[in-house]
Amino acid sequence: MIEIVFGRGTGSILKSAGISEKYSYCFDLSLSVGNLMEKNYPDLTKLRTRAENGEPLRVWYSQDPDEMAGFFWLMSELEDLEDIQIHGIELPSYYECTNGDVIIWDRWEEVSPEEWPRFLSKENLLPRNFRRGCALEWKEIVWEDAPLRAVVNGKLVSASEKLYDCFLRKDVEPAQHRKRR
């Protein structure tokens, strides 16, 4: 199984988790910001060859914009390979511990290495049409060429650079108001 993650920190954690240190790829692409046409994308020749030779892929992704954009990008890059096996493990938004505590994560980088193996049971073989749909959505996002990508209601979308302004104002305005008193 070839393990695939997005983000340098997540790659380090995957290796610490001992899932599959020998066969892993970490794509640190930062696809949630910037011009997608000008990005330097990695060469996938070796990965494609291994997949075509029958090695299954397992992609770890979440609702984090960089991870989801990376996942969609990868589906687009591998779209022409019809007979390969791609498995996916999407990070659940929360996990309930046996003592009743709830842990909330945003991306795989936040999950401790010893926790990773428990998510192997969440693995799914990704159907060809699902992968094709992700690839089509990625192509649309690239075509839109917006400055940001965000996940809104579970969907990866293009966004204006003003997307987060209202949240920033919400945090800054109360602080300014408190200082005036």
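Refer to the structure presented above.
Attention in this report is confined to the structure presented alongside it. (Residues numbered from 1 in each chain as written. Predicted model: local features only at pLDDT ≥ 70, side-chain atom pairs only at ≥ 80, totals over all residues. Heavy atoms only, no water.)

Examining the pairing of strand E4 (residues 86-90)
Burial runs high along E4: 4 of the 5 residues are buried. Both strand E3 (residues 57-61) and E4 contribute to a ladder of 5 bridges, which runs parallel. Bridging across to E4, Leu57 finds its partner in Ile86. (Buried < 20%, exposed > 50% of the residue type's maximum accessible area, 1.4 Å probe, protein only. Helix = DSSP H or I, 4+ residues; strand = E, 2+ residues; numbered from the N terminus. Pairing = 2+ DSSP bridges.)

Observations concerning the sheet that holds strand E2 (residues 24-27)
What the 5 strands build is an open sheet, ordered E2-E1-E3-E4-E7; its pairing is mixed. Lying at the two open borders of the sheet, with one neighbouring strand each, are E2 and strand E7 (124-125). The pairing of strand E1 (residues 2-6) with E2 spans 4 bridges and is parallel. Counted as the bridge partner of Val5 is Cys26 from E2.

Some words on the packing of helix H3 (residues 65-77) against helix H4 (residues 128-144)
The interhelical angle for the contact between H3 and H4, taken along N-to-C directions, is 110°, at an axis separation of 7 Å. One way to sum up the angle between H3 and H4 is to call them roughly perpendicular. In contact with Ala69, Phe71, Phe72, Trp73, Met75 and Ser76 of H3, H4 contributes Phe130, Arg131, Cys134, Ala135, Glu137, Trp138 and Lys139. Split into classes, the residues belonging to the contact of H3 with H4 amount to 9 nonpolar, 1 polar and 3 charged. (Axes fitted to C-alpha atoms, helices over the stretch in contact; angles between N-to-C directions. Parallel < 35°, antiparallel > 145°, perpendicular 65-115°, else oblique. Contact = heavy atoms within 4.5 Å. Nonpolar A, V, L, I, M, F, W, Y, C, P; charged D, E, K, R; others polar.)

Quick look at helix H2 (residues 45-52)
Considered for burial, the residues of H2 that qualify are Leu47, Arg50 and Ala51. Here the buried residues of H2 occupy an arc of 100° about the axis, which is enough to place them on one side. Looking at the packing, one finds that the buried side of H2 touches E1, E2, E3 and H3. Of the residues one or two after H2, Gly54 is the one with positive phi, at around 100°. (Arc of directions from axis to C-beta.)

Some details on the nonpolar core
If you look at the biggest cluster of nonpolar residues, it comprises 31 residues, and the most contacted ones within it are Ile4, Phe27, Leu74 and Trp138. Counting only elements with at least two residues in this core, the list comes to E1, E2, H2, E3, H3 and H4. Here this core gets 7 residues from one element, more than from any other, and that element is H3. Beyond its immediate sequence surroundings of up to four residues, Phe27 is in contact with Ile4, Val5, Phe6, Gly7, Pro42, Leu44, Leu47, Trp73 and Leu74. (Core = buried A, V, L, I, M, F, W, Y, C linked by side-chain atoms within 4.5 Å.)

Quick word on the environment of Glu3
Within the secondary structure, Glu3 sits in strand E1. Residue classification places Glu3 among the buried positions, given a relative accessible area of 0%. Sequence-wise, Glu3 and Ile19 are 16 residues apart; in three dimensions their C-alpha atoms are separated by 8.2 Å. Within the local environment of Glu3, its side chain forms a polar contact with the side chain of Trp60, the two groups lying 2.7 Å apart. (Polar contact = N/O pair within 3.5 Å; in protein donor to acceptor, adjacent residues only side chain to side chain.)

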